[in-house]
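Chain residues, written in single-letter form:
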Amino acid sequence: MPVYTAYSDESGVADLAGEFLVCGYLGTEPVWDCVRRAWQERVLDGPPKILDLHMTDIRSSYWRAKVGMAFNDSESRVAEAVRVIYSTGALDAVASVIKRSMLHEVFPEQTGPRKSKTGLDNPDCVCYMAYFQLVLNRVKKLHPDATKVNFVFAEKQETKKGMEMVVEATRRLFAAEDPEVAELFGECKSSTPEKEIGLQAADLISWHLQCNYRGGFPRTDENRMWYLLKPRDGDLHEWSKEVLQEFADEIASHSAQEVIGIEPKP
C-alpha cells in the first residue's frame, strides 16, 4: 500500500496584510525517485555543477558569478526544473494561501499570559495546520489506497519548536474531527534543500507563487507558475474568511488550542 510524501516550503509577500502561503508537491516514493534522478541529471549536474536549485540564489548576479554560471544557463536550469516537474504526471501540486489580514481578524493577537506559545503574530502556525488539512483531505479523496502521508519541510531553527507544537495540535484536531484523516497523518520532519530535492521543487513553486501575489510578474515566470501548479492535478486553495472561521471553530472546540494557546475571535 503506497506511502506519500509531501515536501513543502513557506513564503509570503512583503505586505503585512497580504498573502502567506505554504505549498509544495505530493507523491509516492517511487515517483520521487524518478524526480530525483531527472533533477540531478538535468538541473544540478551542469556544468557548472550546483548543490541545489534555490530561486533567490539563481536570480542573484552575485551568486551566479560566484559559481561561474551565465544568466542564460541559469534560465535554462529553471526551465528544465519546470519541465521535470510538469512531465511527472504522478505529482500533486498543493498550495494553501491565507491573507495575513484575514488571519488576524479570525485569530486575535494574544498578549500577556495568554500570548500564543508559537507566536501567532506570525502566520506560520495556522497556515501549516491548514496546509496539513488540505493535503490529507486531498489524499483521502483522490488516493484512497494511501496508508500514510509523511511531511518534510525546510529546516528553520527559529521555528523548529513552534512546528513541533503545530504538528501536535494538528494531530489532536484530526483525531477529534476526522479519525480516518488522523490515521493518514504520518511522520513530520525538517531537512535542508541540499539533502532533499523535493524541497528544491517546493522552493521553485513557492517563489513563483509569491511573485504572482506580489504583482509585477514577468510573463515568462507567470507561464512557468501555471506549469508548476499543474491545474490538471493540482490544488491552489485560497482560504475565504468564512471557511477559515470554521477551521478556527474546530480548533477551539477541541484540545488543539491547549497546545498552541490560541482562540478565535467570538
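If you're wondering where the values come from, they're calculated on a predicted model, not measured in any experiment.

(A) Spotlight on the sheet that holds strand 5 (residues 185-191). Pairing within the open sheet is mixed, and its six strands lie in the order 5-4-1-2-3-6. Every interior strand has two partners, whereas the edge strands, strand 5 and strand 6 (234-238), have only one. The mean inter-strand angle of the sheet, taken between neighbouring strand axes irrespective of direction, is 20°. Where strand 2 (residues 19-28) meets strand 3 (residues 92-99), eight bridges bridge the pair, whose relative direction is antiparallel. Bridge assignment links L21 to a residue of strand 3, and that residue is V97. Along the sheet, helix 1 (residues 29-44) contacts strand 1 (3-12) and strand 2; its crossing angle with strand 2, the most-contacted strand, is approximately 105°.

(B) Unusual backbone geometry, seen in detail. Residues G46 and P47 are joined by a peptide bond in cis, for which omega reads 15°. Topologically, P47 is positioned in the loop between helix 1 and helix 2 (55-58).

(C) How the structure looks around the confidence of the model for the protein chain. With 86% of its residues at a pLDDT of 70 or more, the protein chain has an overall mean of 85. This stretch, residues 110-121, has a pLDDT under 50; its non-local contacts, to residues over four places away or in other chains, come to 25 contacts.

(D) The packing of aromatic side chains, seen in detail. Applying the stated criterion across every chain, the model contains 12 aromatic pairs. Pairing F151 with F185 gives two aromatic rings, centres 5.5 Å apart and planes at 85°, and the pair type is edge-to-face. Note that F151 is positioned in strand 4 (residues 148-154) and F185 in strand 5, a separation of 34 residues in sequence. Neither F151 nor F185 differs from the other in exposure class; each is buried. Ring pairing ties together the aromatic residues Y128, Y131, F132, F151, F153, F174 and F185, which thus form one cluster. The ring centre of F185 lies 4.5 Å from the NZ or CZ of R171, which sits over that ring.

(E) Quick peek at the pattern of salt bridges. Scanning the entire structure with this criterion turns up 18 salt bridges. Here D92 and R138 are joined by a salt bridge, their closest N and O atoms 3.2 Å apart. With D92 in strand 3 and R138 in helix 6 (residues 124-142), this pair connects stretches of sequence that are 46 residues apart. For the pair D92 and R138, a shared accessibility class is recorded, and that class is buried. Between K241 and E105 there is a salt bridge whose closest N-O contact spans 2.8 Å. Placement of K241 in helix 11 (residues 241-253) and of E105 in helix 5 (residues 100-106) is noted, with a sequence separation of 136 residues between them. Overall, the relative accessible area of 37% leaves K241 in the partly exposed class. One connected set of salt bridges, linked through shared partners, spans R59, E75, D221 and R224.

(F) Region of interest: the side chain of E19. The residue E19 is located in strand 2 in this model. With sequence-adjacent residues up to four places away left out, E19 is seen in contact with G12, V13, V97, I98, K99, R100 and Y213.

(G) Representation of the environment of E250 in the model. Along the chain, E250 falls in helix 11. What makes E250 partly exposed here is its relative accessible area of 23%. Separated by 74 residues in the primary sequence, E250 and A176 have C-alpha atoms spaced 9.2 Å apart. Aside from chain neighbours lying at most four places away, what touches E250 is Q133, L173 and E177.

(H) Region of the structure containing helix 6. In this model, helix 6 (19 residues) spans 26 Å end to end at C-alpha, consistent with the 27 Å of a helix rising 1.5 Å per residue. Burial analysis of helix 6 places 15 of its 19 residues in the buried class, which makes it a mostly covered element.

Each value, and the rule that gives it
- Residues numbered from 1 in each chain as written.
- Predicted model: local features only at pLDDT ≥ 70, side-chain atom pairs only at ≥ 80, totals over all residues.
- Heavy atoms only, no water.
- Pairing = 2+ DSSP bridges.
- Helix = DSSP H or I, 4+ residues; strand = E, 2+ residues; numbered from the N terminus.
- Axes fitted to C-alpha atoms, helices over the stretch in contact; angles between N-to-C directions.
- Contact = heavy atoms within 4.5 Å.
- pLDDT = per-residue confidence, 0-100.
- Phe/Tyr/Trp six-rings, centres within 6.5 Å; stacked < 30°, edge-to-face > 60°.
- Buried < 20%, exposed > 50% of the residue type's maximum accessible area, 1.4 Å probe, protein only.
- Lys NZ or Arg CZ within 6 Å of the ring centre and 35° of its normal.
- Salt bridge = Lys/Arg side-chain N within 4 Å of Asp/Glu carboxyl O.
- Expected span 1.5 Å × (residues − 1).

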